[in-house]
Amino acid sequence: MKSQEIRSKFLDFYNSKQHLIVPSAPMVLKNDPTLMFTNSGMAPFKEYFLGNAAPKSTRIADSQKCLRVSGKHNDLEEVGYDTYHHTMFEMLGNWSFGDYFKKEAIAWAWELLTEVYKIPKDILYVTVFEGDKEDGTSMDTEAYDLWKAHISEDRILKGNKKDNFWEMGDQGPCGPCSEIHVDIRSAEEKAKIDGKSLVNEDHPQVVEIWNLVFMQYNRKASGALEELPAKHIDTGMGFERLCMVLQNVQSNYDTDVFTPLIREIETISGVAYGNNEKIDVAIRVIADHVRAVAFAIADGQLPSNNGAGYVIRRILRRAIRYGFTFLNQKDPFIFKLAETLSHQMGDAFPEIKKQFTLVHNVIKEEEASFLRTLDQGLLLLDKVIEETKDKEIAGKKAFELYDTYGFPLDLTQLIAREKGYTVNEDEFASEMEKQKNRSRSASASETGDWIILDDNSTEEFIGYDTLKSDIKVTRYRKVTSKKGGDQYQLVFNKTPFYPEGGGQVGDKGYIETNNGDVIHVLDTKKENNVIIHFTKNLPKNIEDTFTAVVNEEYRNLSASNHTATHLLHQALRTILGTHVEQKGSLVNPDYLRFDFSHFSKVEADQLEEIEAFVNARIKENLPLIEKRAIPMQQAIEEGAIALFGEKYGDDVRAIKFGKSMELCGGTHVQQTGDIWYFKIKSEGAVAAGIRRIEAITNVAVGNYFEEVEKNYTEVKQLLKNPKDLIKSVSNLQDENTALKKQVEQLLKDKAKNMKGELKNQLQEINGVNYLATKVDLDPNSIKNLLFELGGEVDNLFVLFATAPTKEKAMLTCYISKDLANERGYDAGKVVRELGKFIHGGGGGQNFFATAGGKNPGGIPKVLDKAKEYIS
Ligand code: SER
């Protein structure tokens, strides 16, 4: 059965059980402060489990793109070494939100596996939770009894908390689970060892394929469990593993999910899969990683130097270096796999097809730039090896290479080994540990449980219509920071505060108590669909009604930049073309930053046109037309632009100013005239095919022009208020060029005169015409003078010292080529050693070298010592 069919059969089956089938949510999470990537099928539904929002249907099923690169579930460095772990994988899942529970979940899973997919019952095992003393939970006899109806008891195994109790995080909904494992070993193997003993033992052919989680508890910050009022089902089946079983192969990489990629890697590298373990690992790493990277980019996450972008960069770099080391790929090649991936997955996940060009270009550019870094790192490693005396490279050095050049230990070891060196691994590990500790202590904070004041209250955002409102705190919690500076997080029954989202920063402001006490709101964010207000203190009489007031100026300036962002987007699509898509946005009161797909630099005249376009819309004073809850389909039909990789609900909010219409949750001005003026400050590249524009509006433009005017006035004053400033500057430039020429000529003349004098000063020592002296010339003239002298005098050895300033000294050494070659003199060595006296260093070739330093006081010593080289 082909993987496409396996996927559709799953969705069709749950559709027949009245489940709503939804598309995969993006793999990259944009507005979730607790999670960077969707790491399991249930992550997009967290808010439903927490009761913060109601699902569209109480039964949902999908195939979700997931990414696991760290934490208890996976470790990036392990992927590729086995046949069944991945960074990116698909999780087939079905959910019940307070609807059906264990009975149906178990019966349907069994029906699907054994009747639809026709997996023989005698290769399946199931596990149930045995209970846990510390948590005070008992064995899940309910699940045990339900399983008994389907499978013989000797195939039902009991498992502990580690394997059979699933938790969403440190806190929140959790519960016992039943896993379904499959034993695909040969009959011969099975006769030797009972499959039962291999369940959950990391055997590559006895693997878990499905996890059925029975959410019935809530884990509190104290660690205690409380029963959930409504019980839920969360199941997750590893799609690639299921394909392995149904396609009768022994490795996920032998399924048609991976074989097209592997064939392509073989074609590109000319190396076959299946003959050599090291090469196979490399091929698996690349086939796995390209999926993670390509889908992340398609979802709008570009490789970068921090956060989620850094995770993506690390994954790609790991693939590059495996290709570099084991497949001998010294040029970019992974980008070529994007096409195979797009053919293969484009039907189930259209984003990979639509974003093909971007994915292709970004990977290519990222590869090229990392390969350049690898080259630099290799040079550095050569130097380290050269300086290593005892054949063992210090772990500290290896760590430096890892930290700065992304050189992992195994690559350093590999290169070192080729040259007969080893690396001190213990020292490397200890450096790594030190770094981990440093980052751990930087982020140490503890979040307490919510203290619920009003359980029934729902929360409403009223900030589109008002900036001030009477509110009540419905719950709060304390965040204790190990570095000091505790904070509180407050949730209100209704709030005018806009939470950070869609690139726009969260509102600031305050809440005021009846007796005039003011508590500042430092920031506002959304977590699992709940709007959280960050404060330093907790109001007294927390159950009172307070007045919540948003900082109006902060909000209005953000709104001005947000509306300008929409107009800029429209301008770019009008002037550059409709290939322009938003790839990132930041909107705060001070400025706006907009990243978009475009293949070349935006030229100065285009920037002018873009600026003029936006300012024309501002001048038209277009009114805001806001459609607050219209069906997504209707909005798209009306021409609204939706962003790639964004998660939208069924009903969306559309923002329209004239012909600009976007799906957007942000805050905007009432009419474009409120923006005042739009000014682009910079344009540049962020990644291959991605440009960035930074711009300002409103008072920031006023400040900017004031600053420009101030500078202009100062320059004018400096030039004694000429009538025509431009002409005056241009005259100055001409004058400067003429003077430079004159100085050059004077220096040349001076050097000529000096040449005769210097020739007279030459001393003959051991057949060498020697001179070491201090001169007062610029570097260029020194060089010319030395080469001229060299042309006129044989066997020359000259060292010049200069002190252009009180803190600067320079040495230049010239040795006739014949002399240097025959007698082994080395100008580079001379300046390196003498450079020490002027507190500096340098180098060059054996016949000509220079050094610079900070200590002119050392020049007499240099001149003294120079003679030692020839005598
Ligand atoms: N949340 C569970 C898991 O990730 C089941 O979907 O295994």
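For clarity, every value in this text was computed on a predicted model and none was experimentally measured.

Draft legend 1. Quick peek at the overall build of the protein. Helices and strands together make up the secondary structure of the protein, namely 25 helices and 34 strands. For the protein, buried positions account for 50% of its 871 residues. Residue pairs at least 24 apart in sequence account for 68% of intrachain contacts in the protein once pairs closer than 6 positions are excluded. Of the roughly 41,300 Å² of accessible surface on the protein, 47% is carried by carbon and sulfur atoms. Here the protein holds 110 positive side-chain charges and 130 negative ones, and the gap between their average locations is 4 Å.

Draft legend 2. The state of the cysteines, seen in detail. Evaluation of the coordinates by the stated rule reveals 0 disulfides. No disulfide involves C177; its sulfur sits 11 Å from the nearest other cysteine sulfur, which is in C174. Here C177 falls in the buried class, since its relative accessible area comes to 1%.

Draft legend 3. Spotlight on helix α17 (residues 552–575). In this model α17 runs 34 Å from its N-terminal to its C-terminal C-alpha over 24 residues, within 8% of the 34 Å that 1.5 Å per residue would give. With a side-chain oxygen positioned 3.1 Å from the backbone nitrogen of E553, the residue opening α17 is N551. Within two residues after α17, G577 carries a phi angle of roughly 130°, on the positive side.

Draft legend 4. Examining the packing of aromatic side chains more closely. Counted by the stated rule, this structure contains 28 aromatic pairs. When the ring of F10 is compared with that of Y14, the centres are 5.0 Å apart and the planes differ by 50°; the resulting orientation is tilted. Within this pair, F10 and its partner Y14 are both found in helix α1 (residues 3–16), separated by 4 residues, close to a single helical turn. The exposure class assigned to F10 is buried, which follows from its relative accessible area of 0%. Within the aromatic cluster, the residues linked to one another by ring pairs are F45, Y48, F49, W95 and F97. A cation over an aromatic ring shows up here: K330 above the ring of F324, its NZ or CZ 4.0 Å from the ring centre. For R653, the ring lying beneath its charged end belongs to Y464, and the centroid distance is 3.5 Å.

Draft legend 5. Seen up close, the site of the ligand. As a structural note, the neighbourhood of the ligand is formed by S40, M42, R68, M91, W166, N211, V213, D234, T235 and G236. Bound to the protein, the ligand loses 96% of the 230 Å² it would expose on its own. For the shell around the ligand, the per-class residue count stands at 4 nonpolar, 4 polar and 2 charged.

Draft legend 6. Structural detail: the sheet that holds strand β25 (residues 651–657). Spatially, the 3 strands line up as an open sheet ordered β24-β25-β26, and their pairing is antiparallel. Every interior strand has two partners, whereas the edge strands, β24 (625–631) and β26 (660–663), have only one. The mean angle between the axes of side-by-side strands here comes to 25°, regardless of whether they run parallel or antiparallel. Bridge analysis of β24 against β25 gives 5 bridges, and the strand direction is antiparallel.

Draft legend 7. Here's a closer look at the pairing of strand β30 (residues 768–774). The buried fraction of β30 is high, at 5 of 7 residues. In this structure, the hairpin formed by strand β29 (residues 763–765) and β30 is closed by a connection of 2 residues, where N766 is found at a positive phi of approximately 50°.

Draft legend 8. Just a negative patch on the surface, in detail. On the surface, D390, E392, E425 and D426 cluster together into a patch of negative charge. Note that E425 resides in helix α16 (residues 425–442). Classification of E425 by relative accessible area gives partly exposed; the value is 45%.

Draft legend 9. Region of the structure containing the packing of helix α21 (residues 725–761) against helix α22 (residues 779–792). Interhelical geometry of α21 versus α22 gives an angle of 40° and a closest axis separation of 10 Å. Here α22 runs oblique to α21, going by the angle between their axes. As for how α21 packs across α22, the hand of that crossing is right-handed. Across from L747, A751, K755, L758 and K759 in α21, the residues of α22 making contact are S781, L785, E788, L789 and E792. Here the residues of the contact of α21 with α22 sort into 5 nonpolar, 1 polar and 4 charged.

Draft legend 10. A look at the sheet that holds strand β33 (residues 840–844). Reading across the sheet, the 6 strands line up as β29-β30-β31-β32-β34-β33 and stay open at both edges, with mixed pairing between neighbours. The open sheet terminates on both sides in strands that have one partner only, identified here as β29 and β33. If you compare each strand with its neighbour and ignore which way they point, the axes differ by 20° on average. Direction of pairing for β30 relative to strand β31 (residues 796–805): parallel, over a ladder of 6 bridges. Looking at β31, one finds that L771 is bridged to V798. Against the sheet, α21 makes contact with β29, β30 and β31, and its axis sits at roughly 120° relative to β30, the strand it touches most. Along the sheet, α22 makes contact with β31, β32 (808–815) and β34 (848–853), crossing β31 at roughly 165°.

Draft legend 11. Molecular detail of the nonpolar core. If you look at the biggest cluster of nonpolar residues, it comprises 122 residues, and the most contacted ones within it are F10, Y117, W147, W210 and I334. If one sorts the elements of this core by residue count, helix α9 (residues 277–298) sits on top with 15 residues. Once you skip the residues sitting within four places of it in the chain, I334 turns out to touch I286, V290, L316, A319, I320, I363 and E367. Listed in part, the 27 residues of the second largest apolar core include L567, L592, L607 and I618.

Draft legend 12. How the structure looks around unusual backbone geometry. The phi dihedral of K118 falls on the positive side, at around 55°, and the residue is not glycine. Tracing the chain through its elements places K118 in the loop between α3 (102–116) and β4 (124–129). Phi is positive for N721, which is not a glycine, with a value near 45°. Position of N721 relative to the elements: it lies in the loop between α20 (698–718) and α21. Look at N721 and you get exposed, because its relative accessible area is 51%.

Draft legend 13. Expanded view of the side chain of T667. Inspection of the secondary structure puts T667 in the loop between β26 and β27 (678–687). By relative accessible area, which is 4% here, T667 ends up buried. Filtering out sequence-adjacent residues up to four positions away, T667 remains in contact with Y464, Y498, Q504, R555, A559 and H562.

Draft legend 14. A look at the environment of D280. Looking at where D280 falls in the secondary structure, it is placed in helix α9. Placed 383 residues apart in sequence, D280 and L663 show a C-alpha to C-alpha distance of 46 Å. Filtering out sequence-adjacent residues up to four positions away, D280 remains in contact with A272, Y273, G274 and N275. Polar contacts involving the side chain of D280 include one to the main-chain amide nitrogen of G274, which spans 2.8 Å.

Draft legend 15. Structural context of the side chain of N164. With respect to the helices, strands and loops of the structure, N164 is situated in helix α5 (residues 161–164). A distance of 2.8 Å separates the side chain of N164 from the backbone oxygen of C177, its partner in a polar contact.

Draft legend 16. Representation of the environment of W110 within the structure. Structurally, W110 can be placed in helix α3. Here W110 falls in the buried class, since its relative accessible area comes to 4%. Put simply, W110 and C66 are 44 residues apart on the chain and 24 Å apart in space, counted from C-alpha to C-alpha. Excluding its chain neighbours within four sequence positions, the residues that come into contact with W110 are E115, K121, L124, V126, W147, H150 and I151.

Draft legend 17. Representation of the pattern of salt bridges within the structure. Per the stated rule, a full pass over the model turns up 44 salt bridges. Across the pair K220 and E226 runs a salt bridge whose closest N-O atoms are separated by 3.8 Å. For K220, a relative accessible area of 30% gives the class partly exposed. A salt bridge links R263 to E266; its shortest N-O distance comes to 2.8 Å. Remark: E266 and R263 occur in helix α8 (residues 259–269); sequence separation between them is 3 residues, near one turn of the helix. Residue classification places R263 among the partly exposed residues on the basis of a relative accessible area of 41%. Overlapping salt bridges, with partners in common, bring together D135, K161, E167 and R219 in one network.

What counts as what
- Residues numbered from 1 in each chain as written.
- Predicted model: local features only at pLDDT ≥ 70, side-chain atom pairs only at ≥ 80, totals over all residues.
- Heavy atoms only, no water.
- Helix = DSSP H or I, 4+ residues; strand = E, 2+ residues; numbered from the N terminus.
- Buried < 20%, exposed > 50% of the residue type's maximum accessible area, 1.4 Å probe, protein only.
- Contact = heavy atoms within 4.5 Å.
- Areas by Shrake-Rupley, 256 points an atom, 1.4 Å probe, with all protein chains shown as cover.
- Lys, Arg positive; Asp, Glu negative; His and termini not counted.
- Charge placed at Lys NZ, Arg CZ, Asp CG, Glu CD.
- Disulfide = S-S within 2.5 Å.
- Expected span 1.5 Å × (residues − 1).
- Polar contact = N/O pair within 3.5 Å; in protein donor to acceptor, adjacent residues only side chain to side chain.
- Phe/Tyr/Trp six-rings, centres within 6.5 Å; stacked < 30°, edge-to-face > 60°.
- Lys NZ or Arg CZ within 6 Å of the ring centre and 35° of its normal.
- Near = heavy atom within 4 Å.
- Nonpolar A, V, L, I, M, F, W, Y, C, P; charged D, E, K, R; others polar.
- Pairing = 2+ DSSP bridges.
- Axes fitted to C-alpha atoms, helices over the stretch in contact; angles between N-to-C directions.
- Patch = residues over 30% accessible without salt bridge, like charges linked within 9 Å, V, L, I, M, F, W, Y side chains within 5 Å.
- Salt bridge = Lys/Arg side-chain N within 4 Å of Asp/Glu carboxyl O.
- Parallel < 35°, antiparallel > 145°, perpendicular 65-115°, else oblique.
- Left-handed = near helix turned anticlockwise from the far one by under 90°.
- Core = buried A, V, L, I, M, F, W, Y, C linked by side-chain atoms within 4.5 Å.

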